[in-house]
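Structural overview
Residue-level listing of the chains:
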Amino acid sequence: MPNAFPFREQHATVIRVDDFPAMCAWYRDVLGLRLLREEPEWRVAVFDLPGPSYVCLYALPKPRGYEREDAPKCLINWRTDDIVATHAELLSRGIECSDVQDYGNLKLFNFHDPEGTYFDCIEYGPDWLPEKVV
């Protein structure tokens, strides 16, 4: 993977919300996006967009170790087919990354650019979301 773009695709734009049920309803009922997956215990919802990407909404649980104001309001979520290799590649490029978090059918880690822009990187298979036909 050296000197190559380390991600498969931009998976989603992720938006932090405060009122998870109300915002899910707005994106579904007012904006008209199709809800593909909702994880109420994680407070995450995935909405379909035209093309290869998605809009994801998330609401932070209280005990995350930081205040809501410290969390990014919006971030880009990159997708990879091999999260361990991508994590190692970014570390080899001098990019500080969080540890890989394993949620079974979804794995992720976080990193920042030099100005502090926050990113997620995820790996998942068709048991999380089926492949889009674009």
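Each chain has its residues counted from 1, following the order in which its sequence is written. Residue-level local features of this predicted model are given only where pLDDT is at least 70; pairs of side-chain atoms are given and counted only at 80 or more, and the full residue set underlies all totals for whole chains, interfaces and linings. Think of the side-chain values as coming from all heavy atoms in the structure, minus any hydrogens and water.

**Some remarks on a nonpolar patch on the surface**
On the surface, Trp26, Val30 and Leu31 cluster together into a nonpolar patch covering about 300 Å² of accessible area. To qualify as a helix, a DSSP run of H or I must reach at least 4 residues; to qualify as a strand, a run of E must reach at least 2; elements of each kind are numbered from the N terminus. Checked against the element boundaries, Trp26 lands in helix α1 (residues 20–30). Assessed through its relative accessible area of 37%, Trp26 is described here as partly exposed. Each patch is built from residues lacking any salt bridge and having more than 30% relative accessible area; the joining distance is 9 Å for like charges and 5 Å for nonpolar side chains (Val, Leu, Ile, Met, Phe, Trp, Tyr). The method behind every accessible area is Shrake-Rupley, applied with a 1.4 Å probe, and residues are considered shielded solely by the protein chains displayed. Any Lys or Arg side-chain nitrogen found within 4 Å of a carboxyl oxygen on Asp or Glu counts as a salt bridge. With a 1.4 Å probe rolled over the protein chains alone, any residue whose accessible area is under 20% of its type maximum counts as buried; one over 50% counts as exposed, and the rest are partly exposed.

**Some words on the packing of aromatic side chains**
What describes a pair of aromatic rings is the distance from one ring centre to the other and the angle between the planes of the rings. Pairing of aromatic rings covers Phe, Tyr and Trp, the last counted by its six-membered ring, and requires centre-to-centre distances within 6.5 Å; plane angles under 30 degrees mean stacked, over 60 mean edge-to-face, and any other angle means tilted. Taken as a whole, this structure holds 11 aromatic pairs when the rule is applied. Taking the centre distance of 5.4 Å and the plane angle of 25 degrees together, the rings of Trp42 and Trp128 count as stacked. With Trp42 in the loop between β2 (35–39) and β3 (44–48) and Trp128 in the segment after β8 (118–124), this pair connects stretches of sequence that are 86 residues apart. A relative accessible area of 5% places Trp128 in the buried class. Between Phe111 and Phe119 the ring centres are 5.1 Å apart and the planes differ by 20 degrees, which places this aromatic pair in the stacked class.

**Here we look at unusual backbone geometry**
Of note in this structure, Arg43 is not a glycine but carries a positive phi near 60 degrees. Tracing the chain through its elements places Arg43 in the loop between β2 and β3.

**Quick look at the sheet that holds strand β4 (residues 54–58)**
Pairs of strands are assigned from DSSP output, requiring at least two bridges between the strands. Spatial ordering of the open sheet is given by β2-β3-β4-β1-β5-β8-β7-β6, a layout of eight strands whose pairing is mixed. In this open sheet, the two edge strands, each paired with only one partner strand, are β2 and β6 (101–102). In this sheet, β8 lies alongside strand β7 (residues 106–112) in antiparallel orientation, the contact comprising seven bridges. Looking at the pairing, Asn110 lines up with Asp120 of β8. Across the sheet, helix α2 (residues 83–92) touches β7 and β8, and the angle it forms with β7 is around 10 degrees. Every residue pair with non-hydrogen atoms within 4.5 Å of one another is taken to be in contact. Only C-alpha atoms enter the line fits that serve as axes; for helices the fit covers just the stretch in contact. Angles between N-to-C directions range over 0 to 180 degrees.

**Description of α2**
For α2, the complete set of buried residues consists of Ile83, Thr86, His87, Glu89 and Leu90. Summarising the axial view, the buried residues of α2 lie within an arc of 160 degrees, below the 170-degree limit, and thus occupy one face. Counted as exposed and oriented over 90 degrees from the buried face of α2: Val84 and Ser92. Looking at the buried side of α2, the elements it contacts are β7 and β8. By the criterion applied in these results, polar contacts are pairs of N or O atoms within 3.5 Å in which, for protein atoms, one can donate a hydrogen and the other can accept it, and in which residues neighboring in sequence qualify only through two side-chain atoms. Sitting at the amino-terminal end of α2 is Asp82, which places a side-chain oxygen 3.3 Å from the backbone nitrogen of Val84. Where α2 ends, the next residue or the one after it, Gly94, has phi of about 85 degrees, a positive value. Taking the helix axis as origin, the arc is that swept by the directions to the C-beta atoms.

**Details of the pairing of β2**
Sheet analysis places β2 next to β3, joined by four bridges and oriented antiparallel. Within β3, the position partnered with Glu39 by the bridge is Val44. The antiparallel hairpin formed by β2 and β3 contains four residues in its connecting segment, where Arg43 sits at a positive phi of about 60 degrees.

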